[in-house]
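# Descriptive structure summary
One-letter residues, chain by chain:
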Amino acid sequence: MRTVIALLLAVWLPGVAAKATSVVFTEGFERGDSEIWRQLGDCRALPAAPRSGELALHCTAGNSILFSKEAISEMGVLELWVKPETAATAYRIQVMVADLPSINALWQPVALIEHSGGDISYQAHRLSIDDPGKRYLRVDIETTNGAITLDDLQVERILLATALQKNEQRIVSGILETLRQDQNIPLQAESFRTLGVNYAAQLDLQRQYLEYANALHSGITLALAGSERNKMANPMAYASFRSIISDTRRVNTPLQQARLNSMLKPFGDLTAATLNVVSGGVYSVFAEPFKSFLAVSFDKSSYSDAGLSRADRKFAEKNGLKIYQDAERFLAELEKELQQVSVLDTDLVNIQKNIDSFRRNLEQQLRDTLQHASMVSSQETMSRALSKDEKVRQQLMQDVAGNISLKANSYLNERNNTELVRFVLKTSEQLEQTQRYKDQFNQITSAMLTYYDRFERSINASQNPFTEAADKQSWQNHAQKAASYLQQSKESFSRAYL
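Treat the numbers as computed from the prediction; the structure is a model and nothing was measured. (Residues numbered from 1 in each chain as written. Predicted model: local features only at pLDDT ≥ 70, side-chain atom pairs only at ≥ 80, totals over all residues. Heavy atoms only, no water.)

### Remarks on the nonpolar core
- Of all hydrophobic cores here, the largest spans 87 residues; its most connected members are Phe290, Leu370 and Val400.
- Per-element accounting of this core gives the leading share, 17 residues, to helix α10 (residues 310–372).
- Among all residues touching leucine 370, those that are not within four sequence positions of it are Leu203, Met375, Thr381, Met382, Ala385, Leu396 and Val400.
- Counting 28 residues, the second largest nonpolar core, distinct from the first, contains Phe25, Trp37, Cys43 and Ile113. (Core = buried A, V, L, I, M, F, W, Y, C linked by side-chain atoms within 4.5 Å. Buried < 20%, exposed > 50% of the residue type's maximum accessible area, 1.4 Å probe, protein only. Helix = DSSP H or I, 4+ residues; strand = E, 2+ residues; numbered from the N terminus. Contact = heavy atoms within 4.5 Å.)

### Points about the packing of helix α6 (residues 254–264) against helix α8 (residues 287–297)
- Following both chains from N to C, one finds α6 and α8 inclined at 160°, their axes separated by 11 Å at the closest point. The angle between α6 and α8 places the two elements in the roughly antiparallel class. Crossing hand, α6 versus α8: left-handed. Taken together, the residues of α8 that come into contact with α6 (itself represented by Gln256, Arg259, Leu260 and Met263) are Pro289, Phe290, Phe293, Val296 and Ser297.
- Classifying every residue of the contact of α6 with α8 gives 6 nonpolar, 2 polar and 1 charged. (Axes fitted to C-alpha atoms, helices over the stretch in contact; angles between N-to-C directions. Parallel < 35°, antiparallel > 145°, perpendicular 65-115°, else oblique. Left-handed = near helix turned anticlockwise from the far one by under 90°. Nonpolar A, V, L, I, M, F, W, Y, C, P; charged D, E, K, R; others polar.)

### Some remarks on the side chain of histidine 478
- Turning to its location among the elements, histidine 478 is positioned in helix α14 (residues 469–497).
- Here histidine 478 falls in the buried class, since its relative accessible area comes to 12%.
- A polar contact is formed between the side chain of histidine 478 and the side chain of glutamate 228, at a distance of 2.5 Å. (Polar contact = N/O pair within 3.5 Å; in protein donor to acceptor, adjacent residues only side chain to side chain.)

### Quick word on the packing of helix α5 (residues 239–251) against α6
- One way to put it is that α5 packs onto α6 with a least axis distance of 9 Å and a crossing angle of 155°. The pairing of α5 with α6 is recorded here as roughly antiparallel in orientation. Handedness of the crossing formed by α5 with α6: right-handed. Here α5 contributes Phe241, Ile245, Thr248, Arg249 and Val251 to the contact with α6, which in turn contributes Gln256, Gln257, Leu260, Asn261 and Leu264.

### Description of α10
- With 63 residues, α10 extends 86 Å between its outermost C-alpha atoms, agreeing within 8% with the 93 Å of an ideal straight helix rising 1.5 Å per residue.
- Of all the bends in α10, the greatest measures close to 55° and is centred on asparagine 319. (Expected span 1.5 Å × (residues − 1). Bend = angle between axes of the 7 residues up to and from the residue.)

### Considering unusual backbone geometry
- Even without glycine at this site, phenylalanine 29 takes up a positive phi of about 60°.
- Mapped onto the secondary structure, phenylalanine 29 falls in the loop between β1 (23–27) and β2 (37–40).
- Unusually for a residue other than glycine, asparagine 145 sits at a positive phi of about 60°.
- With respect to the helices, strands and loops of the structure, asparagine 145 is situated in the loop between β9 (123–144) and β10 (148–157).
- The class of asparagine 145 is exposed, set by a relative accessible area of 53%.

From the geometry alone we can't say anything about function, so treat these as descriptive.
And the structure:
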């Protein structure tokens, strides 16, 4: 038992998790659409809008089916990127496996992707197949209100933890079958011991997912990337805007200057971590009042009575209209940038909410897992389960495994088959609950991958909205910093969670 627990711990230690998976199938549709797949329907590998490489699979509205020509071994997690043609395009993708690639084969549904419309950029989907055998893969695609584009499909090898969970299902079936046949006690003892070991192994899986979620929640480099991205939508970052402000101050009365300072104050000091100050709503209540303020400042009736020098009055009369037009142009350009920043902020807020919910629910599941194993419900027990000390965790897992085996044997020795069946089914239910958290975490990682992809595309040089050279360079400088932070976050994410 100790050997099995040690092996499980090794698989789920931080830094080793990435090595626990390997890609067993990858498809970027670069080799065309007929080398790897047989298909029914209208999907073609085309150069239109690939996520990476030169080609992607374009599927027209309607129904299409893809069959892998070769069997794929040990399918664990499938990752797929999908881009809808329009905001109204909806799609439904069902993933199935079978022993034969024929349309008439006994296809087993394993996962479903549904999208009802909205964003038209690429979105990542990660879902569990969890089939340890060598099987054929089938992808059924149904789209309405437009076509979709698929790219960068890959399948990872099944994880040891999942293989053990599958083994646990066989153990439970064997125990219940033996009870039905009224077999003797010694025949069940080994099954109970194995059930206890598998049950205890879930503790470390739950701990690891909690660590993943905590790390995602507090990722420093991602926060820095987001802060830098927000600065790119802060008007104070750009020479054009600072010049407009300087020119406006030149013709303002002291009272007007105080009013202008008040309007600019929410944008803060650009050298500080602005986080989401711009996308948080400050800009939306600034733009129109600021343009009205400019119009009043350069109105002749205003600057004539402002006590200005003759040179400043001539400056206002000569340049007022151009300054206002420059401000309108700049603010329109900034509006485009703000739209991208706001979408990214909204996506990240939703991800963080899902992570918070995931953490709370999984922590409660960990408590329930310990309680079912007759462990005292206390902070001390939770601390042992979440300890950084491997020996402490190993000892707790041995205690849990022993308690599960002991309780099952006690019911068996008492010939209390009713309670024994209830206990075994409840044990199995606890293990299945843990598996559901794996599926939930797949959704979180999908959202994170999509966020990274959208963030990266939003800071591509082609997205620079500004026309003035100095403004374009400022945008690019912040984009380079944001890209550096984002790359660090992506690398950390890939090492730890994929």
